[in-house]
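# Tertiary structure, described
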Amino acid sequence: MNLLSGAFEIIFGLALLFESLRSYAAFGIIMLLIAVFPANLYMYQKGAKGIPKWALLLRLPLQFVLIAWAYYYT
């Protein structure tokens, strides 16, 4: 799943470069950010090796900022 979500991140990122695909790519990024949010919440709750707890906590509200930023391009 990690490889699949990473592949979609790359595809959507590249699609942002093209005006005709930009709104679709932004919508895809929003859906991807919503889809991975539970995994990020789980990582914060259970901890992750090598990642400080404060960084895991910071990532949660950052997702909402990234969603808003992507929504700007829809």
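Residues numbered from 1 in each chain as written. Predicted model: local features only at pLDDT ≥ 70, side-chain atom pairs only at ≥ 80, totals over all residues. Heavy atoms only, no water.

This part takes up the packing of aromatic side chains. Across all of its chains, the model carries 3 aromatic pairs by this definition. Ring geometry for Tyr72 and Tyr73: centres 5.2 Å apart, planes at 90°, overall edge-to-face. Tyr73 sits in the partly exposed class, given a relative accessible area of 38%. Directly above the ring of Tyr44 sits Lys53, whose terminal nitrogen or CZ lies 4.6 Å from the centroid. (Phe/Tyr/Trp six-rings, centres within 6.5 Å; stacked < 30°, edge-to-face > 60°. Buried < 20%, exposed > 50% of the residue type's maximum accessible area, 1.4 Å probe, protein only. Lys NZ or Arg CZ within 6 Å of the ring centre and 35° of its normal.)

Glancing now at helix 2 (residues 22–46). Under the 1.5 Å per step criterion, the end-to-end length of helix 2 is 36 Å for 25 residues, consistent within 8% with the ideal 36 Å. By the largest-angle criterion, Phe37 marks the main kink of helix 2, which is about 35°, and a proline, Pro38, follows within four residues. Taken together, the buried positions of helix 2 are Ala25, Ala26, Gly28, Ile30, Leu32, Leu33 and Asn40. Buried positions along helix 2 lie against helix 1 (2–15) and helix 3 (53–71). Immediately beyond the C-terminal end of helix 2, within one or two residues, lies Gly47, with a positive phi of roughly 85°. (Helix = DSSP H or I, 4+ residues; strand = E, 2+ residues; numbered from the N terminus. Expected span 1.5 Å × (residues − 1). Bend = angle between axes of the 7 residues up to and from the residue. Contact = heavy atoms within 4.5 Å.)

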